[in-house]
Amino acid sequence: MSKSVKYNLDDPEVYPRLDPSGLRQRLRDLPDHCQAAWRQARTAPLPGEWADSDKVVIGGMGGSAIAGDLASDLAASRSSVPVLVIRDLVIPLFMNERTLFFACSYSGNTDETLSMWEQVGKTSARAAAISGGGALTARARRYSVPLLAIDVKMEPRSAVGYNLMLIIGVLERLGLLAVEEAEVDQTVQSLCERISTITEDVPTAENPAKQLAMELRGKLILVYGGGLFNGVARRWKSQFNENAKAWAYHEPIPEILHNSVEAFPTDFPTDGRAVALLLEPGGPDDGQQRRYEVVAGLLKRNGMPFHRLQAGQGPALSRLMNMLILGDYVSYYLALLRGIDPSPNPSIDEAKELLSMNPAMDTRK
């Protein structure tokens, strides 16, 4: 790709040329995915005794694990059993008969998730699979384990909304997480309204996602978020990596105040080569907002470019999903500005191919 080429986000011909698979339509479909998955979770057959689970563990990688992060942050914002997310080959915690484990893999062939699945099968923990096919689906059926099928065809990262609503729908059914039907309806409606303001047919002058993407082109991107937006910040970072093929990092608030800020006065590239994004969840004041103010103040004092992005009003699920879709669109537009097709992930595919040379074996008897 020539760095001298300029792409106009308001030129309708740019989209079919750089996005031939139509990722832009899959972004638009997020509200429908959320609604369909919620309905599916409402009717999924579940063992009644799972309602006394005292811990939820979600095992997955990439976009499948991000859905777990979002569920964990939502659970932490209200009365709920602990929801933990594991991204690894090994589950580093004790699991007993009251632990509910979700193995999440869109492809069903993620090596690390299958490894965790095998470990859980050797314990007394309760297990469910969330998958779009592959080995995980086959193994869940073989052992008559509850299976929630991801009934959409897309990139794994584009299924995050479907994944999330399956998880929280199941937890709500079991009485482990309070999510009202009205909150889901409001979330879907607010997502539709948000998307209508940032789609490709909305001109840059009126489109905040296009405007931010233009400011981020050629920059190192640092994403900061905490509380309800801890997982959302990770999602923004990973979407910049996967959609825009751009360098980006994320750090949680308040942890950043205990290490990274020490480097602000000396080593941060203040010449415009880097930009920090503060994702602010709003909502009830739990002490997080004061920490956002301190981070913003330190960035400003040290001449570091940054943007504060606020979620606005509404229930937690609505604020979470609205910030998520904004990040998805920003990363999408950044890919196009760089002349890149956002859908394929050739480097990830190569890594998976290398891993497949020593595939995980199903050793359960």
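Here we summarise the structure given alongside this text.

Definitions and cut-offs
Residues numbered from 1 in each chain as written. Predicted model: local features only at pLDDT ≥ 70, side-chain atom pairs only at ≥ 80, totals over all residues. Heavy atoms only, no water. Helix = DSSP H or I, 4+ residues; strand = E, 2+ residues; numbered from the N terminus. Pairing = 2+ DSSP bridges. Axes fitted to C-alpha atoms, helices over the stretch in contact; angles between N-to-C directions. Contact = heavy atoms within 4.5 Å. Core = buried A, V, L, I, M, F, W, Y, C linked by side-chain atoms within 4.5 Å. Buried < 20%, exposed > 50% of the residue type's maximum accessible area, 1.4 Å probe, protein only. Parallel < 35°, antiparallel > 145°, perpendicular 65-115°, else oblique. Left-handed = near helix turned anticlockwise from the far one by under 90°. Nonpolar A, V, L, I, M, F, W, Y, C, P; charged D, E, K, R; others polar. Salt bridge = Lys/Arg side-chain N within 4 Å of Asp/Glu carboxyl O. Right-handed = clockwise from strand over helix to strand, strands pointing away.

Here we look at unusual backbone geometry
Then comes step 1: Between I253 and the following residue, P254, the backbone shows a cis peptide bond with an omega angle of 20°.
Then comes step 2: Within the fold, P254 resides in the loop between β7 (248-253) and α11 (264-267).
Then comes step 3: The phi torsion at S144 lies on the positive side, around 55°, for a residue other than glycine.
Then comes step 4: With respect to the secondary-structure elements, S144 resides in the loop between α6 (134-142) and β5 (147-149).
Then comes step 5: Notably, K245 is not glycine yet its phi reads approximately 55°, a positive angle.
Then comes step 6: Within the secondary structure layout, K245 lies in the loop between α10 (230-242) and β7.

Some remarks on the sheet that holds strand β4 (residues 126-131)
The strands making up a sheet associate through hydrogen bonds between their backbones, and the pairing can be parallel or antiparallel.
Then comes step 1: Taken together, the five strands give an open sheet; going across it, the order is β2-β1-β3-β4-β5, and neighbouring strands pair in parallel fashion. Looking at strand neighbours, the two that pair on one side only are β2 (83-86) and β5, the edges of this open sheet. Along the sheet, successive strands turn relative to each other by an average axial angle of 20°, direction set aside.
Then comes step 2: Sheet topology note: the strand β1 (residues 55-59)/β2 ladder contains four bridges and is parallel. Each residue of the ladder has a partner; that of G59, found in β2, is I86.
Then comes step 3: In the packing of helix α4 (residues 62-76) onto the sheet, the strands contacted are β1, β2 and β3 (99-105), and the crossing angle to β2 comes to about 155°.

Focus: the nonpolar core
Then comes step 1: In this structure, F102, Y224, W236 and F240 are the most contacted members of the largest nonpolar core, which totals 104 residues.
Then comes step 2: A per-element tally of this core places helix α13 (residues 316-337) first, with 16 residues.
Then comes step 3: Residues in contact with F240, not counting those within four places in the same chain, are L216, I221, V223, K245, A246, A248, L277, V330, S331 and L334.
Then comes step 4: Membership of the second largest hydrophobic core comes to 17 residues, among which are V57, L114, A127 and A129.

Here's the deal with the packing of α4 against α10
Then comes step 1: Close contact between α4 and α10 brings their axes to 8 Å; oriented N to C, the two are set at 155°. One finds that α4 runs roughly antiparallel with respect to α10. The two elements α4 and α10 meet at a crossing, and its hand is left-handed. Here I66, D69, L70 and D73 of α4 lie close against α10, whose contacting residues are N230, G231, V232, R234, R235 and S238.
Then comes step 2: Among the residues forming the contact of α4 with α10, the class breakdown is three nonpolar, three polar and four charged.

Comments concerning the pattern of salt bridges
Then comes step 1: Applying the stated criterion across every chain, the model contains 16 salt bridges.
Then comes step 2: A salt bridge links R26 to E155; the shortest N-O distance between them is 2.5 Å. Residue R26 is found in helix α2 (residues 23-28), and its partner E155 is found in the loop between β5 and α7 (160-173); the two are separated by 129 residues along the sequence. Per residue, the accessibility class of R26 equals that of E155, and both read buried.
Then comes step 3: A salt bridge links R28 to D201; the nearest nitrogen and oxygen atoms lie 3.4 Å apart. Pair noted here: R28 is in helix α2 and D201 is in the loop between α8 (181-196) and α9 (208-216), with a separation of 173 residues, a long-range link.
Then comes step 4: Among the residues examined, R28 registers a relative accessible area of 29% and is labelled partly exposed.
Then comes step 5: One salt-bridge network, held together by shared partners, links R28, E200 and D201.

Overview of the pairing of strand β9 (residues 306-310)
Then comes step 1: The sheet contact formed by strand β8 (residues 274-280) and β9 spans five bridges and is parallel. When the bridges of β9 are listed, L278 appears paired with R308.
Then comes step 2: Once the chain exits β8 it traverses helix α12 (residues 288-301) before rejoining the sheet at β9, and the crossover so formed is right-handed.

Some details on the environment of F101
Then comes step 1: Secondary-structure assignment places F101 in strand β3.
Then comes step 2: Accessibility expressed as a relative area gives 0% for F101, which makes it buried.
Then comes step 3: Along the sequence, F101 and M116 sit 15 residues apart, while their C-alpha atoms lie 9.8 Å from each other.
Then comes step 4: Excluding residues within four positions of it along the chain, F101 makes contact with V57, G59, I91, M95, M116, W117, V120, R126, A127 and A128.

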